[in-house]
Amino acid sequence: MSFSISRFSSKSSSAKLLLSFSLLLSSAQLYADEIDNNWQKTLAQAKQQTVYFNAWGGSETINDYIRWAAEEVKQQYQVTVKQVKVTDAADVVSRLLAEKSAGRTENGTIDLVWINGENFKAMKDQGLLAKAYTQELPNYQLVDTENKPSTRYDFTTAVENLEAPWGMAQLVFMYDSARMAHPPTDMYSLLTKLATNKGRFSYPALPNFHGTTFVKQALIELIADQSLLSKPVVEADFQQVTAPLWEYLDQLHPLLWREGRSFPKNAGQMKKLLNNGELFISLSFNPNDASNAIANQELPSSIKSYVHRGGTLGNTHFVAIPFNANASAGAKVFANFLMSAKAQLKKADPSVWGDPTVLDMKKLTAVDRQAFADLPLGEATLTAEQLGKVLLEPHSSWVRALEKAWLARYAN
């Protein structure tokens, strides 16, 4: 009798498990169907919409890529994308804040913005973002959110589906191997190298993005306790914590181009100075930048890339939809396309842009994986292994504090 009951119980348990599994599959399918239905509605709403995409316009390489993506979306989805070229995303935040203050809660002038870091935090804190949307985008499922945590935390601020990952970036240095046999390996060896190569390095004046990035890199390398940088700035401790940075920069600046009395305006000017031999060392936040510049004859083939042995800063850049966007459906369609394997593959091509992908290769088809594997590395592009450790960005509050302090000490 006990054997029969046991067997009956086992069958009953198996039946319950099968029923639960069946219900789970059914629920998952219903959820997938709901997402697909909602996406089809979005595609229908997006037709004939015009999306005003506010994006940094300082690189013709990037502008060309955006033009290509706009043409693809126009052809596939009948959505028109117009790039509004901006010099600083902070200006976009200010404009949105002004629209909100004026009560303009719809029909805004900005439909999509290229953003990250402190500007994303400012938009999030001040309610300038549309509601969470990336979970609605089919291609978001391809993003590597596990191994690339910066797709989920933007300069330590939780993304929470409020912006769509577009590309990865990491600080790299460039040097002219025809003029310098071996590059520096850290901030201190940079000082040593410049002692015999005075005036052959500089960085853009803050608050230029690349200049701020260099200063953050220096702070990370020089600070005693790096964990402090993951927390908001505490005014009372700022001066003490950053003292090694200012001491270092005070030593560095007399060795810089023009003895640190003036600084390059931006990365484009640094590239020109590197090309004409005024600088032996420069920097970029795109690991493929040097190769792209060599291919475009902006730099000589003697230019090589390198990173510091302890690692360099890296992050993710995103696109976000403002709270009062006039063409939010079209903006979603464009953001979704930018995360597609096709768009990410073209963007990762060093001859096009060379911007590292946000996608997880394991989630792609075998054909797409192979296409990424077949991408040619430029002659000055470091492999993933050579790029080494990626250092996480400090809390976004450090940016404004560092820029304010730098300007007070070094601005002419």
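All residue numbers refer to positions counted from 1 along the written sequence of the respective chain. The predicted nature of this model means local features are confined to residues of pLDDT at least 70 and side-chain atom pairs, given and counted, to a pLDDT of 80 or more, with totals for whole chains, interfaces and linings taken over all residues. Calculation of side-chain values draws on the structure's entire complement of heavy atoms; hydrogens and water are dropped beforehand.

**A few points about the overall build of the chain**
Alright, step 1. To qualify as a helix, a DSSP run of H or I must reach at least 4 residues; to qualify as a strand, a run of E must reach at least 2; elements of each kind are numbered from the N terminus. Of the regular secondary structure elements, the chain holds 14 helices and 11 strands.
Alright, step 2. Counting only C-alpha atoms, the chain reaches 90 × 60 × 50 Å along its principal axes.
Alright, step 3. Put simply, 82% of the contacts in the chain that link residues at least 6 apart link residues at least 24 apart.
Alright, step 4. Carbon and sulfur atoms make up 53% of the accessible area of the chain, which totals about 19,800 Å².
Alright, step 5. With 41 positive and 41 negative side-chain charges, the chain shows a spacing of 2 Å between the two charge centroids. Residue contacts are defined here by distance: any two heavy atoms, one from each residue, within 4.5 Å place the two residues in contact. Computed with the Shrake-Rupley method and a 1.4 Å probe, the accessible areas treat only the protein chains shown as cover for residues. Charge counting treats Lys and Arg as positive and Asp and Glu as negative, with His and both chain ends excluded. The atoms used to mark charge sites are NZ of Lys, CZ of Arg, CG of Asp and CD of Glu.

**Digging into the pattern of salt bridges**
Alright, step 1. Each salt bridge in this description consists of a side-chain nitrogen of Lys or Arg and a carboxyl oxygen of Asp or Glu lying within 4 Å of one another. Within the structure shown, the criterion is met by 16 salt bridges.
Alright, step 2. Measuring nitrogen to oxygen at the nearest pair gives 3.0 Å for the salt bridge that ties Glu136 to Lys332. Here Glu136 is found in the loop between helix H4 (118-125) and strand S4 (153-154), whereas its partner Lys332 is found in helix H10 (residues 328-338), with 196 residues between them in sequence.
Alright, step 3. Among the salt bridges present, the one from Lys198 reaches Glu259, with a minimum N-O distance of 3.5 Å.

**Describing the packing of helix H2 (residues 60-77) against H10**
Alright, step 1. Comment: axis = line fitted to C-alpha atoms, over the contacting stretch for helices; angle = value between 0 and 180 degrees taken between N-to-C directions. At a closest axis distance of 10 Å, the pairing of H2 and H10 adopts a crossing angle of 115°. Between H2 and H10 the crossing geometry is right-handed. Along its contact with H2, which presents Tyr65, Trp68, Ala69, Ala70, Glu72, Val73, Gln76 and Tyr77, the element H10 presents Val333, Phe334, Phe337 and Leu338.
Alright, step 2. For the contact of H2 with H10, a count of residues per class yields 10 nonpolar, 1 polar and 1 charged. Helix crossings fall into two classes, left-handed where the near helix is turned counterclockwise from the far one by less than a right angle and right-handed where it is turned clockwise. Residue polarity is assigned by list, with Asp, Glu, Lys and Arg as charged and Ala, Val, Leu, Ile, Met, Phe, Trp, Tyr, Cys and Pro as nonpolar; anything else, Gly included, falls into the polar class.

**Re the sheet that holds strand S7 (residues 172-176)**
Alright, step 1. An order of S8-S7-S9 is seen for the 3 strands of this open sheet, with the pairing classed as antiparallel. Edge positions in the sheet fall to strand S8 (281-284) and strand S9 (303-306), since each has one partner strand and no second. Strand-to-strand twist across the sheet, computed as the mean angle between neighbouring axes with direction ignored, equals 30°.
Alright, step 2. Criterion used throughout: strands pair if DSSP finds at least two bridges between them. Note that S7 and S8 share 4 bridges and pair antiparallel. Bridge pairing in S8 links Val172 to Ser284.
Alright, step 3. Against the sheet, helix H8 (residues 267-275) touches S7, S8 and S9, its axis set at about 150° to S8.

**A closer look at the confidence of the model for the chain**
Any residue range with low pLDDT should be treated as having predicted coordinates unsuitable for detailed reading.
Alright, step 1. When pLDDT is averaged along the chain, the result is 91, and 92% of the positions lie at 70 or above.
Alright, step 2. Each residue gets a pLDDT score, which is the predictor's confidence in that residue and runs from 0 to 100. Across residues 1-6, where pLDDT falls below 50, the model places 0 contacts with residues more than four positions away in sequence or in other chains.

**Topic: helix H6 (residues 209-222)**
Alright, step 1. Under the 1.5 Å per step criterion, the end-to-end length of H6 is 20 Å for 14 residues, consistent within 8% with the ideal 20 Å.
Alright, step 2. Buried residues are those whose accessible area, probed at 1.4 Å on protein chains only, stays under 20% of the maximum for their type, while exposed residues exceed 50% and partly exposed ones sit between those limits. In terms of burial, H6 is largely enclosed, as 12 of its 14 residues are buried.
Alright, step 3. Along H6, the residues that are buried comprise His210, Gly211, Thr212, Thr213, Phe214, Val215, Lys216, Gln217, Ala218, Leu219, Ile220 and Leu222.
Alright, step 4. Under the rule applied, a polar contact is a pair of N or O atoms within 3.5 Å (in protein, one hydrogen donor and one hydrogen acceptor; residues adjacent in sequence only if both atoms are side-chain atoms). Of the residues that open H6, the one with a side-chain oxygen 2.9 Å from the backbone nitrogen of His210 is Asn208. Here a helix's expected span is defined as the number of its residues, less one, multiplied by 1.5 Å.

**Considerations on the nonpolar core**
Alright, step 1. Ranked by internal contacts, the top residues of the largest apolar core, which has 57 residues, are Tyr203, Phe214, Leu249 and Leu252.
Alright, step 2. The biggest single contributor to this core is helix H7 (residues 235-252), with 7 residues.
Alright, step 3. By size, the runner-up hydrophobic cluster in this structure holds 47 residues, among which are Val51, Ile66, Leu142 and Phe372. Working definition of a nonpolar core: buried Ala, Val, Leu, Ile, Met, Phe, Trp, Tyr and Cys residues. They are joined through side-chain atoms within 4.5 Å.

**Points about the packing of H7 against helix H14 (residues 397-410)**
Alright, step 1. Look at H7 against H14: their axes get within 12 Å of each other, and the N-to-C directions meet at 50°. The angle between the axes of H7 and H14 places the two elements in the oblique class. Regarding H7 and H14, the two cross each other, and that crossing is right-handed. Of the residues in H14, those touching H7 at Phe238, Val241, Thr242, Leu245, Trp246, Leu249 and Asp250 are Trp398, Ala401, Leu402, Ala405, Trp406, Arg409 and Tyr410. Just so you know how the angles are binned, under 35 degrees is roughly parallel, over 145 roughly antiparallel, 65 to 115 roughly perpendicular, and the rest oblique.

**Considering the environment of Pro287**
Alright, step 1. Looking at where Pro287 falls in the secondary structure, it is placed in the loop between S8 and helix H9 (289-295).
Alright, step 2. For the pair Pro287 and Tyr306, spaced 19 residues apart in sequence, the C-alpha to C-alpha distance is 9.1 Å.
Alright, step 3. Every residue in contact with Pro287, bar those within four places of it in the chain, is listed here: Gln170, Val172, Ser305, Pro356, Ala380, Thr381 and Leu387.

**Overview of the pairing of strand S1 (residues 50-56)**
Alright, step 1. Relative to strand S2 (residues 80-86), S1 runs parallel, the two sharing 7 bridges. Across the sheet, Ala55 pairs through a bridge with Lys85, a residue of S2.
Alright, step 2. Looking down the strands as they point away from you, a crossover is right-handed if its path from the first strand over the helix to the second goes clockwise. Handedness of the crossover is the feature at issue here: the chain leaves S1, passes through H2, returns alongside S2, and the resulting connection is right-handed.
Alright, step 3. As defined by bridge partners, S1 adjoins strand S3 (residues 112-115) across 2 bridges and the pair is classed as parallel. Note on S3: the bridge partner recorded for Phe53 is Leu112.

**Some thoughts on the environment of Gln126**
Alright, step 1. Checked against the element boundaries, Gln126 lands in the loop between H4 and S4.
Alright, step 2. Judged by relative accessible area, which is 32%, Gln126 ranks as partly exposed.
Alright, step 3. For Gln126, the contacting residues outside a window of four places in its chain are Leu97 and Lys100.

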